[in-house]
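Tertiary structure, described
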Amino acid sequence: MNSPYQHQGSGQKIQKQLLTDWYRHLEQAPERGEKVAYLFISGNIGELLQACGFHLVYPEVNALQCGIKKVAGPNILAAEDIGYSGDVCGYVKNDIGLMLSGNRMPHGTTLPKPDLLVCNYAGCATYLRWFEALAEFYGAEMVVIDVPYLRGTEGPTAEEVRYVERQLRELVAVCERVAGREFDPAAYRQAIDRTVRSEDLWVQILESARHRPSPIDAYFEAVFFMAPIYTMRGTQGCLDYYQAVAKEVEERIQAGMGPVAEEKVRIVMEGPPAWPHFRKFWEMFKKWGAVTVASTYSKVGGIWDLGFRHDPDRPFESMAEYMLGCYTNRNWAMRSQLIRGYLEDYGADALVIHSVKSCRSFSVGQADLREQFIREFEVPTLFIESDLADPRYFAEAQMKNRIDAFFEALEHRRLTAGV
Amino acid sequence: MNRLERLIDEARREVEDNTFAAVRAWKEEEPGRACVGFFPVYVPAELIWAAGALPVAVWGGGDRIEVEMADARVQSFICSISRSTLELGLLGHLDFLDGMLFGSLCDVARNLSGVWARNFPDTFVDYLHYPQNLRSEAARGYYREDLERLGAALGGITGRTPGAAELAAAIDLYEEQRALLRRLAAVRTEEPWRLGLEEQQVLVRAAGRRDPRRHNEVLREVLELLPEREVRHKDGVRVVLEGSFCEQPALELLRTLDQAHCFVVASDLARGLCWFKEPLRRSDDPWSDLVEAYFVHAEGSVVRHFSPSERTERLLARVRDSRADGVFFCTAKFCEPAFYDFVLHKRALDAAGIPYLAVEFEEKMSSFESIRTQAETFAESILFFADEEATA
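In short, a report on the structure. (Residues numbered from 1 in each chain as written. Chains lettered and ligands numbered in written order. Predicted model: local features only at pLDDT ≥ 70, side-chain atom pairs only at ≥ 80, totals over all residues.)

Considering unusual backbone geometry
A cis geometry characterises the amide bond from Arg212(A) onward to Pro213(A), with omega recorded as -5°. Relative to the elements of secondary structure, Pro213(A) occurs in the loop between α8 (185-207) and α9 (222-225). Residue Val41(B) follows Pro40(B) across a cis peptide bond; omega there is 5°. Locating Val41(B) in the fold gives a position in the loop between β1 (34-38) and α3 (45-50). Phi at His261(B) takes a positive value of approximately 60°, unusual for a residue other than glycine. Examined against the element boundaries, His261(B) turns out to sit in the loop between α10 (251-259) and β6 (262-267). Phi at Arg323(B) is positive, roughly 55°, even though this residue is not glycine. Within the secondary structure, Arg323(B) sits in the loop between α12 (310-321) and β7 (326-332). (Helix = DSSP H or I, 4+ residues; strand = E, 2+ residues; numbered from the N terminus.)

Overview of the nonpolar core
Counting 257 residues, the largest nonpolar core has Leu49(A), Cys119(A), Val268(A), Val36(B), Val239(B) and Cys262(B) as its most contacted members. Counting residues per element, this core draws most heavily on helix α7 (residues 164-190) of chain B, which supplies eight residues. Setting aside anything within four residues of it in sequence, one finds Cys262(B) in contact with Gly236(B), Val237(B), Val239(B), Leu257(B), Phe328(B), Ala375(B), Phe378(B) and Ala379(B). (Core = buried A, V, L, I, M, F, W, Y, C linked by C-beta atoms within 7 Å. Buried ≥ 20, exposed ≤ 12 C-beta atoms within 10 Å, placed from the backbone. Contact = placed C-beta atoms within 7 Å.)

Things to note about the sheet that holds strand β7 (residues 350-356) of chain A
By definition, the strands of a sheet pair up through backbone hydrogen bonds, in either a parallel or an antiparallel sense. Residue and element names in this part refer to chain A. On the basis of which strands lie adjacent, the open sheet formed by four strands has the order β6-β5-β7-β8 and parallel pairing. Two strands in the sheet have a free side with no partner beyond their single neighbour: β6 (290-295) and β8 (381-386). Going from strand to strand, the sheet's axes swing by 30° on average, the running direction of each strand aside. Both strand β5 (residues 265-270) and β6 contribute to a ladder of five bridges, which runs parallel. Bridging across to β6, Ile267 finds its partner in Thr292. Those strands touched by helix α14 (residues 332-345) are β5, β6 and β7, and its axis lies near 165° from that of β5. (Pairing = 2+ DSSP bridges. Axes fitted to C-alpha atoms, helices over the stretch in contact; angles between N-to-C directions.)

Quick word on the pairing of strand β4 (residues 124-128) of chain B
All names here are of chain B. Extensive coverage of β4 is indicated by the burial of four of its five residues. Looking at chain direction, strand β3 (residues 99-103) and β4 are connected through five bridges and run parallel. Residue Leu101 lies in a different strand from β4, and its bridge partner there is Asp126. Remark: the β3/helix α5 (residues 107-119)/β4 crossover connection has right-handed handedness. (Right-handed = clockwise from strand over helix to strand, strands pointing away.)

Given below as structure tokens:
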């Protein structure tokens, strides 16, 4: 039977093709004599590095893919065998384990080694330790872009922007030396131009969750929708992708479709997902008709829904602003303000905090956030713990009990309030 | 108890006092005195002093505190120091502080600054960013501006914004202190049986909460008395202790190492108070001197990314310079930065054929028997293999 819809599933289909092409191209880069840079998602400077001729590897994306494909466990154990503690970030250990086993991804691609490690340090001190280890193991050059953590609630200061911008300009010379070719300012500008258009579409997609019922799950679906804007932003493929997803979402709105059969509870999610048990984790919410209408993890690579856009007329300066404004580079007053805004703007009923052991940058302060939202703001708040990479930390029965108890209580509260 | 022991005991009682009675008394002695706390690893103490306040190291509650209220605010997989420090605050033990400073050591320390700001809304809380791209020509300028900004902010609470003269005088005072602490460390390197590791460390930790003028006098007197101390030479192995730069092991653990004849002859204990490996280069611009302290004179530490291999190279240099037989990794449970460093250090030590032992500690540890056994076995194995090599 033919589907009555033209656009449903196109986001998933196009993304699969984009990533397949991306990895194939990447795998063949050394054969073509092209250089490879490794970098991180938060505050990534993909457009700049691509304009220097680099292919890009994001170890965090590899880690989450290994998580979903259920091979993170063995990778993590391999890293622990060479001395990594059980208490450090699972993403790092996954990446080290992957390297030790020849860098072969679960989908078959063999990742090339780095020619340059660009630690675009934004919001995570572990990034530094991670690339220090890769520099040692691969013998590759490492550069750091130092991004100061934000103070106050007004956003980055002019001094901070200038500081990061100067480092980006200095980085160009390093890239030219390592890549053996000149930086192409026109290509950079054009990429930023495409970036801005992708950002507009991405915000439109995220904000579609203001509708009732929400056409998307702004966490469980958005963490997949976000992949191109965090890995291949600035490319035509990325722009085309968001045009297709925007149509898919628009069609859902017209048809009154959403991620669950009947939307009963609207939630805001804070924290990364449990990648190794993703489907199970989502089901625990779906069964209660819970739909995420806004999440912080979908902003982990950058925040645009507060109005920021890259600027082709100020490509370096706006890149610096973008890096400084990353979610985990914001202090707790800013994070709390953002979440509270989401609860109000998206008409959410509750806040769910998923605290992961691996990522202290995300998690330290979340327990205090729970105190604040429950006691100060009187928002029903659920706090659950597991991990984003290490399958050993997912206590399914305990997690399910807590989620069930929370939504039962929420339902009860609604019924009694309605009497 | 002789004079030397009395001086050490007095320091011990002060550093073990979670109510900071001696610091409170100091503050009340003269009107207008102020105290500014700092979480590890490092803040430029001289900047706080120049702004007219006493820098107070707030480095956890050790084994003398029950963490209850902080457990609701910081998860169980986070290091003890973050929870016990917060508990100290929630118990009101830190209500004498006029401000609290945090720095970019790790994500825990950084995020704790926000938790602090929310839980103590009436306290001045600031966060100092330490540049991690030391190759950038912009980094020195940025750090200097940040120091000047912090100086002005501290002046806002004390009424004394530091100028160049005040800052230069404060650097003089803390340079004197660091030189004295280096001499104390040298005693351990040369004759570890002359001064217990625990004794040395209470004198170091006291530097984190005493009027530097007074403590410098104490340190001078201790250094005068030490050569006269009646001691017996003890056989043992010489080790570099690594990994305790932030959360501090219990004093009992330090005593245990001496008892196990595992003599720590160099360490990163209380790193923030003894961070500079040499006297600072001085100029007529004290702000620039403070910048250079961080950029040039700081010992390898995870607080500061210099290059991927710098910290390991520096560890090997410390082993060599202190004529150590091995390395004793003494890492706080859940301390991510130390755990990451351990893997790289371990590779280099394996390659260099230097023996090492790794243990984890928590503030609340009460039994040190397991650590004693491990340290004794480690010491014996080093001595055994040294004998074997000698006879081979």
